[in-house]
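# Understanding the architecture of this molecule
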Amino acid sequence: MSVPLVKPFLKATTKQRWEGAENIPTSGGVILAMNHVSHIDPLTAAHITWDHGRLSRYLAKASLFKIKVVGPVLRAAGQIPVERASAGADALKAAIDAVNDGKLIVVYVEGSITKDPDGWPMVGKSGAARIALATGAPVIPVGQWGAQFLFNGYEKKFRPFPRKLVQMKVGTPIDLSDLEHSDRPAVEDVNLATDRIMSAIVGLVADIRGEEPPAELYDPRKARKAAREAEQAAKTEPAEQKEQADPGAANGSDGVSEA
């Protein structure tokens, strides 16, 4: 299965509104850094790059390769699965090699479909930054919106009709020239590069949506920690309430004082 076969499917189920696609370099190694809203994202990304003269490869979560519609496309196109268990080390090396070989790599910087309640990008992972700093290749930010209405990532509901509007805004290359370019860049450089990449993506998504983005990006780790703390508090609260209602019980007495 190839992009020319996927395009009729996308044309039948989506409408496209693309802006800034001329910023995608016509040749040479490049990293397209995108936000992630749907399992269908690899197909819509392939659409915009194909229509502007490039084939794309993906640094994508391995579970995507198990999806009936998406998996065969990814495998046929030689895409790069990221296994969580290996921390993506093999995939990162493969991506660096591909960029050095002049390929265009699409990286969903968040690492998974956003869990932000309002669909905004989450905090970014370091893959795109590491590839950029190891290769010196340009990083092109892309904000997107709309594919989730065709195929919702977590409900996994496919809604092909009516056709959904998929919007993409391609930004200009992110300046990382002041950061070290090496096979093993400093952690500080990687973090700074990641922040710049995510800031650019969030700005593009905000332009598409015509809304102000959140002051702080959704962090799944913080959210899980807060949920665990809330759960623990809910478990301990009844016992504390019981002690307050019956102080004697906490002291091992029946609450009746002796003269």
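A brief structural summary.

## Observations regarding the overall build of the chain
Looking only at helices and strands, the chain features nine helices and seven strands. Here the chain holds 259 residues, and the buried ones make up 44% of them. Here the chain displays about 13,800 Å² of accessible surface, and carbon together with sulfur accounts for 52% of that area.

## Some words on the side chain of arginine 54
Looking at the secondary structure, you find arginine 54 in the loop between helix H2 (41–51) and strand S3 (56–61). One buried charged residue, arginine 54, forms no salt bridge at all, with the nearest opposite charge on aspartate 101 at 9.9 Å. Among the polar contacts made by the side chain of arginine 54, one reaches the main-chain carbonyl oxygen of glycine 102 at a distance of 3.2 Å. Leave out the neighbours within four places in its chain, and arginine 54 touches Ile24, Pro25, Thr26, Ser27, Gly28, Val30, Thr49, Gly102, Lys103 and Leu104.

## Details of the nonpolar core
If you look at the biggest cluster of nonpolar residues, it comprises 30 residues, and the most contacted ones within it are Ile31, Val109, Ile131, Val139, Leu176, Ile197 and Ile201. Those elements that provide at least two residues to this core are strand S2 (30–34), helix H4 (89–100), strand S5 (104–108), helix H5 (127–135) and helix H7 (187–209). Top contributing element to this core by residue count: H7, with seven residues. Counting 25 residues, the second-largest nonpolar core is a separate cluster that includes Leu32, Met34, Phe151 and Val170.

## With respect to the packing of aromatic side chains
Summed over all chains, the structure comprises three aromatic pairs. With 6.1 Å between their ring centres and 20 degrees between their planes, phenylalanine 9 and phenylalanine 158 make a pair best called stacked. Taken together, the positions of phenylalanine 9 in helix H1 (residues 3–13) and phenylalanine 158 in the loop between helix H6 (147–150) and strand S7 (164–170) put the pair 149 residues apart, joining distant regions of the chain. An angle of 85 degrees between the planes, with centres 5.9 Å apart, marks the rings of tryptophan 145 and phenylalanine 149 as edge-to-face. The class of tryptophan 145 is buried, set by a relative accessible area of 16%. A network of ring pairs unites the aromatic residues Phe9, Phe151 and Phe158 as a single cluster. The residue whose ring lies beneath arginine 209 is tryptophan 120, and the NZ or CZ to ring-centre distance is 4.0 Å.

## A closer look at H7
Taking 1.5 Å per residue, 23 residues should reach 33 Å; H7 reaches 33 Å between its end C-alpha atoms and fits that length. The positive-phi residue at the C-terminal boundary of H7 is glycine 210, with phi of around 65 degrees.

## Looking at the environment of glycine 136
Here glycine 136 shows up in the loop between H5 and strand S6 (139–145). Under the relative-accessibility criterion, glycine 136 is labelled partly exposed at 46%. Here the alpha-carbon distance between glycine 136 and valine 30, two residues 106 residues apart in the chain, equals 9.1 Å.

## Some words on the packing of H5 against H7
Two elements in contact, H5 and H7, have axes whose closest approach is 8 Å; the angle formed by their N-to-C orientations is 115 degrees. Relative to H7, the element H5 lies roughly perpendicular. Two packed elements cross with a definite hand, and for H5 against H7 that hand is right-handed. Facing Ala128, Ala129, Arg130 and Leu133 of H5, the residues of H7 in contact are Asp189, Val190, Ala193, Thr194 and Ile197. Of the residues belonging to the contact of H5 with H7, the class tally is six nonpolar, one polar and two charged.

## Side note on the pairing of S7
Among the seven residues in S7, six count as buried, and that is most of the element. In this sheet, S7 lies alongside S6 in antiparallel orientation, the contact comprising four bridges. Within the sheet, the bridge partner assigned to valine 142 lies in S7 and is valine 170.

Procedures and definitions
- Residues numbered from 1 in each chain as written.
- Predicted model: local features only at pLDDT ≥ 70, side-chain atom pairs only at ≥ 80, totals over all residues.
- Heavy atoms only, no water.
- Helix = DSSP H or I, 4+ residues; strand = E, 2+ residues; numbered from the N terminus.
- Buried < 20%, exposed > 50% of the residue type's maximum accessible area, 1.4 Å probe, protein only.
- Areas by Shrake-Rupley, 256 points an atom, 1.4 Å probe, with all protein chains shown as cover.
- Lys, Arg positive; Asp, Glu negative; His and termini not counted.
- Salt bridge = Lys/Arg side-chain N within 4 Å of Asp/Glu carboxyl O.
- Polar contact = N/O pair within 3.5 Å; in protein donor to acceptor, adjacent residues only side chain to side chain.
- Contact = heavy atoms within 4.5 Å.
- Core = buried A, V, L, I, M, F, W, Y, C linked by side-chain atoms within 4.5 Å.
- Phe/Tyr/Trp six-rings, centres within 6.5 Å; stacked < 30°, edge-to-face > 60°.
- Lys NZ or Arg CZ within 6 Å of the ring centre and 35° of its normal.
- Expected span 1.5 Å × (residues − 1).
- Axes fitted to C-alpha atoms, helices over the stretch in contact; angles between N-to-C directions.
- Parallel < 35°, antiparallel > 145°, perpendicular 65-115°, else oblique.
- Left-handed = near helix turned anticlockwise from the far one by under 90°.
- Nonpolar A, V, L, I, M, F, W, Y, C, P; charged D, E, K, R; others polar.
- Pairing = 2+ DSSP bridges.

From the geometry alone we can't say anything about function, so treat these as descriptive.
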